[in-house]
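Architecture and fold: a report
If you want the building blocks of each chain, they are given just below.
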Amino acid sequence: MRRAARADRNQPEIVAALRSVGATVQPLHTIGKGCPDALIGYRGRNLLFEIKDGLLVPSKQALTADELKWHVMWEGQVCTVNSIEAAIAALKEKE
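Residues numbered from 1 in each chain as written. Predicted model: local features only at pLDDT ≥ 70, side-chain atom pairs only at ≥ 80, totals over all residues. Heavy atoms only, no water.

Looking at the sheet that holds strand β4 (residues 79–81)
One open sheet accounts for four strands, arranged β1-β2-β3-β4; its pairing is mixed. Sheet topology places β1 (24–27) and β4 at the edges, where each strand pairs with a single neighbour. Here the average twist between neighbouring strands, direction ignored, is 35 degrees. As paired strands, strand β3 (residues 45–51) and β4 are joined by three bridges and run parallel to one another. Following the sheet pairing, F49 is matched in β4 by C79. (Pairing = 2+ DSSP bridges. Helix = DSSP H or I, 4+ residues; strand = E, 2+ residues; numbered from the N terminus. Axes fitted to C-alpha atoms, helices over the stretch in contact; angles between N-to-C directions.)

Structure representation (structure tokens):
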């Protein structure tokens, strides 16, 4: 039986920051099976973010086996962010 999906500690603050700059955010972390944590809409584009807790040591921020498998098979955009700054930078980078 699959364990309940949980959001990383910093996911709510990253979501709030993205929304404060005009992005729409659809949380996806409950889907599981390696699916990224959030679908972001911004200026006519869609982005997928895997959110990691930037306060954890790097080894604890690594993608899980399911996440890695999902990222490898996905033919579209997906990125990993671990802070508000990283999320905003990734959002702006795609402008």
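Let's talk about the pattern of salt bridges
This model, assessed by the stated rule, comprises four salt bridges. R9 is the salt-bridge partner of D53, the closest N and O atoms lying 2.8 Å from each other. Taken together, the residues span a long stretch of sequence, with D53 in the loop between β3 and α2 (65–73) and R9 in the segment before α1 (11–20) at a distance of 44 residues. Among the salt bridges present, the one from K52 reaches E67, with a minimum N-O distance of 2.7 Å. Pair noted here: K52 is in the loop between β3 and α2 and E67 is in helix α2, with a separation of 15 residues, a long-range link. (Salt bridge = Lys/Arg side-chain N within 4 Å of Asp/Glu carboxyl O.)

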